[in-house]
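Fold and geometry: a report
Spelled out from the first residue to the last, the chains are:
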Amino acid sequence: MLLVSATLYDKGDAAMSRVLQKLYDICGMVAGGLILCICLLISAQICLNAFGRFAPGVLPSTIPSYADFSGFMLAGATFLALAHTLRAGGHIRVNLVVSRLPRAFQFIAETFALVMAVAMIGYTTYFMVSLVGESIHYGDVSNGIVPVPLWIPQSVAAFGMAALLVALIHTLVDLIRAGKPILSTPDEV
């Protein structure tokens, strides 16, 4: 009975890991798409500037609020990419000291780092969600030519922070279940 229960738990855990990994991958793809949109927007603005020099007045010389939109997309791309980057091992970690510790102390150091990261990102996520609520309550809009309700880009950033929080907790659970260091590998030193 206990073996069947443990097997079902492992299958459920594997399914949850796949779902979470799919979420991280989707966030990473959306972040990449936002970077592509920034490139297209800035390229279109450059083309308008160039065309305006050869045929002034034929087309508008600027895309309204293009700097605001590219900034919003950059913020969205940055925050959405965090969870995917964490789970892919792309964040910069300093393993020079930790790799020289005994494995038990490496495990403790990784656990401490992840617990602190969960606390800090949890705190940040709470206040990002509060900021979205305030922006909705007060009807805050951007200062550009096109007034964009600020809750829209702030919601993307808050979602990215929440996804990072989930990824950190996921990594902490993986660390505790493995019972050994999982973040430091020799090739990162």
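Up top you'll find the structure we're talking about.
The following paragraphs examine the structure supplied in this document. The structure displayed is predicted, hence computed values, not measured ones.

Let us now look at the state of the cysteines. One way to say it: the disulfide is the covalent bond shared by the sulfur atoms of two cysteines. Following the criterion strictly, the structure yields 0 disulfides and no others. Free cysteine: Cys37, not disulfide-bonded; nearest cysteine sulfur from Cys39 at 9.2 Å. Not engaged in a disulfide, the cysteine Cys47 finds its nearest cysteine sulfur in Cys39; these two sulfurs lie 13 Å apart.

As a further point, take the nonpolar core. Judged by nonpolar contacts, the single largest core of 29 residues is most densely connected at Leu114, Ile121 and Leu168. The element contributing the most residues to this core is helix α4 (residues 151–178), with 10 residues. Discounting residues that sit within four places of it in the chain, Leu168 has contacts with Leu86, Leu114, Ala117, Val118 and Ile121.

Glancing now at the pattern of salt bridges. Under the counting rule described, the total for this entry stands at 2 salt bridges. When the shortest N-O distance is used, the salt bridge between Arg177 and Asp13 registers 2.2 Å. In this pair, Arg177 sits in helix α4 while Asp13 sits in helix α1 (residues 2–54), placing the two residues 164 residues apart along the sequence. Note on Asp13: relative accessible area 23%, which makes it partly exposed. The shortest N-O distance in the salt bridge between Asp174 and Arg87 comes to 2.9 Å. With a gap of 87 residues between them, Asp174 in helix α4 and Arg87 in helix α2 (residues 66–87) connect regions that are remote in the sequence.

Cut-offs applied
Residues numbered from 1 in each chain as written. Predicted model: local features only at pLDDT ≥ 70, side-chain atom pairs only at ≥ 80, totals over all residues. Heavy atoms only, no water. Disulfide = S-S within 2.5 Å. Core = buried A, V, L, I, M, F, W, Y, C linked by side-chain atoms within 4.5 Å. Buried < 20%, exposed > 50% of the residue type's maximum accessible area, 1.4 Å probe, protein only. Helix = DSSP H or I, 4+ residues; strand = E, 2+ residues; numbered from the N terminus. Contact = heavy atoms within 4.5 Å. Salt bridge = Lys/Arg side-chain N within 4 Å of Asp/Glu carboxyl O.

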